[in-house]
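# Structural description and commentary
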Amino acid sequence: ICSALSSALFHSRDTWITERLDYHFALAFIICSFCVNCLELMKSPAFKEYASNPVCVFFQQRLFRIGTVLCTCHILYLNFVHFDYGWNMTVAVFF
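So, here's what we can say about the structure.

Rules and cut-offs
Residues numbered from 1 in each chain as written. Predicted model: local features only at pLDDT ≥ 70, side-chain atom pairs only at ≥ 80, totals over all residues. Heavy atoms only, no water. Helix = DSSP H or I, 4+ residues; strand = E, 2+ residues; numbered from the N terminus. Rg over C-alpha atoms; globule rule 2.2 N^0.38 Å. Buried < 20%, exposed > 50% of the residue type's maximum accessible area, 1.4 Å probe, protein only. Contact = heavy atoms within 4.5 Å. Areas by Shrake-Rupley, 256 points an atom, 1.4 Å probe, with all protein chains shown as cover. Lys, Arg positive; Asp, Glu negative; His and termini not counted. Charge placed at Lys NZ, Arg CZ, Asp CG, Glu CD. Expected span 1.5 Å × (residues − 1). Bend = angle between axes of the 7 residues up to and from the residue. Patch = residues over 30% accessible without salt bridge, like charges linked within 9 Å, V, L, I, M, F, W, Y side chains within 5 Å. Salt bridge = Lys/Arg side-chain N within 4 Å of Asp/Glu carboxyl O. Phe/Tyr/Trp six-rings, centres within 6.5 Å; stacked < 30°, edge-to-face > 60°. Core = buried A, V, L, I, M, F, W, Y, C linked by side-chain atoms within 4.5 Å.

## Let's talk about the overall build of the chain
A count of helices and strands for the chain gives four helices and zero strands. Counting from the amino terminus, helix and strand elements in the chain follow one another as α-α-α-α. A compact globule built from 95 residues would reach a C-alpha radius of gyration of about 12 Å, whereas the chain, at 16 Å, exceeds it by more than 25%. For the C-alpha atoms alone, the extent of the chain along its principal axes is close to 50 × 25 × 15 Å. In the chain, buried positions account for 23% of the 95 residues. Long-range contacts, defined as pairs at least 24 residues apart, comprise 53% of the intrachain contacts of the chain with a sequence gap of at least 6. Carbon and sulfur atoms make up 70% of the accessible area of the chain, which totals about 6,800 Å². Charged side chains of the chain number 6 positive and 6 negative; the gap between the two group centres comes to 12 Å.

This is the structure:
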């Protein structure tokens with residue numbers, strides 16, 4: 001919801017803050033979708049026999065933490081080092 005609202009706000013009122021909110025919420029949505037898809041894939045019947053594998057359990061427990069840290073670092077880089085649309089698109093395409 002935040003991604004759609006920030007995008008609508010940015011495209012109706014183009015200011016520096018709405019631009020940044022649009023980019024940040026869009027990337028957060030992409031990373032969150034990636035994490036949820038990975039977790040849902042591990043719940044599928046094909047992965048049931050691997051559910052008790054310690055590596056798989058470790059991956060499931062750490063996935064959202066890693067996604068949160070990556071998103072936070074990226075947002076901090078864009079806000080305090082260099083705001084670059086090309087870099088933001090590269091990160092978004094990676095996920």
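## Re helix H3 (residues 54–80)
Taking 1.5 Å per residue as the helical rise, H3 with its 27 residues ought to reach 39 Å, and the 38 Å between its terminal C-alpha atoms agrees with that figure. Along H3, the sharpest kink reaches roughly 40 degrees, centred on Arg62. Taken together, the buried positions of H3 are occupied by Cys56, Leu63, Gly67, Cys71, His74 and Leu78. On its buried face, H3 is in contact with helix H2 (16–43) and helix H4 (85–94).

## What about a nonpolar patch on the surface?
A surface patch of nonpolar side chains, about 550 Å² in accessible area, is lined by Leu76, Tyr77, Phe80, Val81 and Trp87. Residue placement: Trp87 occurs in helix H4.

## Observations regarding the packing of aromatic side chains
Here the structure, examined in full by the defined rule, presents three aromatic pairs. Ring geometry for Tyr23 and Phe83: centres 5.5 Å apart, planes at 10 degrees, overall stacked. Here Tyr23 is found in helix H2, whereas its partner Phe83 is found in the loop between H3 and H4, with 60 residues between them in sequence. Residue Tyr23 is classed as buried on the basis of its relative accessible area, which comes to 13%.

## Re the nonpolar core
In terms of nonpolar packing, the biggest core is built from nine residues, these being Leu27, Ile31, Cys35, Cys38, Leu39, Leu63, Cys71, Val91 and Ala92. Put simply, the parts of the chain that give this core at least two residues each are H2, H3 and H4. Tallying contributions element by element places H2 first for this core, with five residues. Ile31 has contacts with Gly67, Cys71 and Phe95, leaving out every residue within four places of it along the chain.

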